[in-house]
Amino acid sequence: MNGGEWALRGYWGTYAVPASVAMLGVALSALVYAWVERFEQDRISAEFQHRSDNIIRVLSSGVDGYANLVESYGNQTAVFTHRMRTTSLSHFLGIREEWEGSKPSIRQSIDDARKHYPGIRVMGWATRVPREQIAPFEHVAETLVTPEYDLKELGSDRVFVPLRDRQEYVPVFYAEPFEDASILLRNDLTSSNKIGAALTASLERDGVTASEPIRMIREITGQLGVFIVTPIYQSANRPGSFEERADEVYTFLFAVVLVDDMLQHALAGLDEPGIVFFVYPGSEDQAPSSLTSMPVYASNDDPSSIDVLRNDPLSSRFGRHGAINVAGRYWDVYSFPTREFISNYDTWMPEIVFLFSSLFTLIVAAYLALFVGRTQRVQQLVAVRTRDLELANRSLESEIDMRRQAEAEKRGLESQLFQAQRMDSIGNLAGGVAHDFNNILLAVLGYIELSRVNESLPPKVAKYLDSAKAAGDRAVTLTRQLLAFGRRQALAVAPHDLNGVVAEFRHILDRIIPE
């Protein structure tokens, strides 16, 4: 491993903790940012949901007013229509004046309804007529409504054609305002599949029912329209089953309602800027409708803009779906926030939190890096000082060993010196003693020699003197040895037998040299 790799490893080892703290802090900052961003999105979604639900509540309340109006008018006119039903044709002219007298009040009542509920284009009655009573019914209509009453049905090409043969018909008997309803007065409602389905559904529900939007109304008025119908029965007691209701129904009260006017009236006074919603005609269940077709209503007056909002990732993220009950038929409401709406509730809080948390993390990481660097420098200094101390200790130990060796050598030399001085002292002592003893021996040996000169000595005394002389000679020899040991006598250098010399001195050395 080269020096660069060692340096890189050392650098990473040094700053691993600060780098890990920085990366962990950034990761936690990102998590906090995501959490705050999610909180912001949930807050915007909750606000948008609240306001979208408010739009749906207002729409539902406003649309319910149209259904309640039709139901109320159905109940009010039930008595009069019952009388028409129970009056024979032969006596029909008897109620003609009463009918003519009631027209102004009916017209006024419908005009009042149209004022209070914009979008109601026509209100009227469609009577259930069996096939065998078509001719009498046309006679009554010509007499009471208009002489030009001619019962027709709408063909496939939207042209009125003669009636097809069916068991029964539901032709429009009367409608107001009369000038707008002239096209309906000769129309059999069952010839339209959508209106016929609404008539059947009203019997099934036993109440007010709306048809699907009818495009022919757009061709006439410029707006999509629906039929809202309610059944009126022959008996004052409401039938129980669908079959009984189908047998008992006599006439239907209907209202032609323009969708745009109805929804705009329902939303009157509601101000929800920044929200665009679209209304799609639904079905009798609550299954969402397909968005492939154009909506029947757009709050921004641009139905095609729903594609733009659906493809906008920001608006579509908060888009909501709801439904309103339009007289028994559920219409879908799709709401989308505009970017202005989102920007009004969006804040910089996630970015600020991320910035400050990241900045705090970097400060902590920088402090740790500074602390680790300072710690490393202290550790390096300690390591250098430790090495210096170790070298000093080794030098001191070596010097101590040398001093101990010198002290040991000194003690050995001192011991040798002491021994030499001791031996010198002993030699001096021995020499002094030997010198003094030699002087004494000389006197003793002199007197012994003088005594031996006298020949008159007894043999026994002479023998004693000879013994004393021999002992004195041995003492002289010993004295000489002591003087030689004490270096008090000059030595005559001559070859000697060392074994003999050592043997002669052994008895002296044994006494003065310890074992």
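For the structure itself, look to the data block above.
Keep in mind that this is a model prediction, so the values were computed, not measured.

1. A look at the overall build of the chain
Moving on, step 1. Scanning the chain from N- to C-terminus turns up 13 helices and 13 strands.
Moving on, step 2. Of all 515 residues assigned to the chain, the portion counted as buried reaches 37%.
Moving on, step 3. Taking contacts inside the chain between residues at least 6 apart in sequence as the whole, the part at least 24 apart equals 70%.
Moving on, step 4. Looking at the chain as shown, the accessible area adds up to about 30,500 Å², and 57% of this sits on carbon and sulfur atoms.

2. With respect to the packing of aromatic side chains
Moving on, step 1. For the structure shown, the criterion picks out 9 aromatic pairs.
Moving on, step 2. With 6.5 Å between their ring centres and 25 degrees between their planes, Trp125 and Tyr174 make a pair best called stacked. Of this pair, Trp125 sits in strand 1 (residues 120-127) while Tyr174 sits in strand 6 (residues 172-176), placing them 49 residues apart in sequence. An identical accessibility class is assigned to Trp125 and Tyr174; each is buried.

3. Quick notes on the nonpolar core
Moving on, step 1. Leu59, Phe173, Phe227, Ile228, Phe254 and Trp331 are the most contacted members of the largest nonpolar core, which totals 81 residues.
Moving on, step 2. Ranked by residues supplied to this core, first place goes to helix 1 (residues 3-86) with 11 residues.
Moving on, step 3. Setting aside residues no more than four positions away along its own chain, Ile228 makes contact with Tyr66, Val70, Val208, Thr209, Ala210, Leu253, Phe254, Ala255, Val257 and Ala327.
Moving on, step 4. Among the nonpolar cores identified, the runner-up in size contains 8 residues, and Tyr280, Ala298, Ile306 and Tyr334 belong to it.

4. A word on the sheet that holds strand 7 (residues 209-210)
Moving on, step 1. Spatially, 5 strands are ordered 6-1-9-8-7 in an open sheet, and the strand pairing comes out antiparallel. Each of the sheet's edge strands pairs with one partner strand only, and the pair in question is strand 6 and strand 7.
Moving on, step 2. Of the strand pairs in this sheet, strand 8 (residues 225-233) and strand 9 (residues 249-258) are connected by 9 bridges, and their pairing is antiparallel. For Ile232, the partnering residue across the bridge sits in strand 9 and is Thr251.

5. Points about the sheet that holds strand 10 (residues 275-280)
Moving on, step 1. Across the sheet, 4 strands lie side by side as 11-10-13-12; this open sheet has antiparallel pairing. Of all strands in the sheet, those with a lone pairing partner are strand 11 (297-298) and strand 12 (320-326), marking the two edges.
Moving on, step 2. When strand 10 meets strand 13 (residues 329-337), the two strands line up antiparallel, connected through 6 bridges. In the sheet register, Phe278 faces strand 13, and the bridge partner there is Tyr334.

6. Structural notes on the pattern of salt bridges
Close approach of charged atoms lets side chains of opposite charge pair.
Moving on, step 1. One pass over the structure, following the stated rule, counts 11 salt bridges.
Moving on, step 2. Among the salt bridges present, the one from Asp165 reaches Arg131, with a minimum N-O distance of 3.0 Å. One end of the pair, Asp165, is in the loop between strand 4 (160-161) and strand 5 (168-169); the other, Arg131, is in the loop between strand 2 (129-130) and helix 3 (134-144), with 34 residues separating them in the sequence.
Moving on, step 3. The class of Arg131 is partly exposed, set by a relative accessible area of 36%.
Moving on, step 4. For Asp312, the salt bridge is made with Arg339, and the minimal N-O distance between the two is 3.0 Å. Remark: Arg339 occurs in helix 10 (residues 339-345) and Asp312 occurs in the loop between helix 8 (305-311) and helix 9 (313-318); sequence separation between them is 27 residues.
Moving on, step 5. Residue classification places Asp312 among the buried positions, given a relative accessible area of 14%.

7. Some remarks on the environment of Ile44
Moving on, step 1. Structurally, Ile44 is set in helix 1.
Moving on, step 2. The sequence separation of Ile44 and Phe341 amounts to 297 residues, and the corresponding C-alpha distance is 9.0 Å.
Moving on, step 3. For Ile44, the contacting residues outside a window of four places in its chain are Phe318, Phe341, Ile342, Tyr345 and Asp346.

8. Observations concerning the side chain of Lys103
Moving on, step 1. Mapped onto the elements, Lys103 comes out in helix 2 (residues 96-116).
Moving on, step 2. Residue Lys103 is classed as buried on the basis of its relative accessible area, which comes to 10%.
Moving on, step 3. Ignoring anything within four residues of it in the chain, the contact list for Lys103 reads Leu144, Val145 and Tyr174.

9. Comments concerning the environment of Leu445
Moving on, step 1. Summarising the element assignment, Leu445 is placed in helix 11 (residues 349-453).
Moving on, step 2. Here Leu445 falls in the buried class, since its relative accessible area comes to 11%.
Moving on, step 3. For the pair Leu445 and Gly472, spaced 27 residues apart in sequence, the C-alpha separation works out to 6.3 Å.
Moving on, step 4. Leaving out residues up to four positions away in the same chain, Leu445 has contacts with Lys469, Gly472, Asp473 and Val476.

Thresholds applied
Residues numbered from 1 in each chain as written. Predicted model: local features only at pLDDT ≥ 70, side-chain atom pairs only at ≥ 80, totals over all residues. Heavy atoms only, no water. Helix = DSSP H or I, 4+ residues; strand = E, 2+ residues; numbered from the N terminus. Buried < 20%, exposed > 50% of the residue type's maximum accessible area, 1.4 Å probe, protein only. Contact = heavy atoms within 4.5 Å. Areas by Shrake-Rupley, 256 points an atom, 1.4 Å probe, with all protein chains shown as cover. Phe/Tyr/Trp six-rings, centres within 6.5 Å; stacked < 30°, edge-to-face > 60°. Core = buried A, V, L, I, M, F, W, Y, C linked by side-chain atoms within 4.5 Å. Pairing = 2+ DSSP bridges. Salt bridge = Lys/Arg side-chain N within 4 Å of Asp/Glu carboxyl O.

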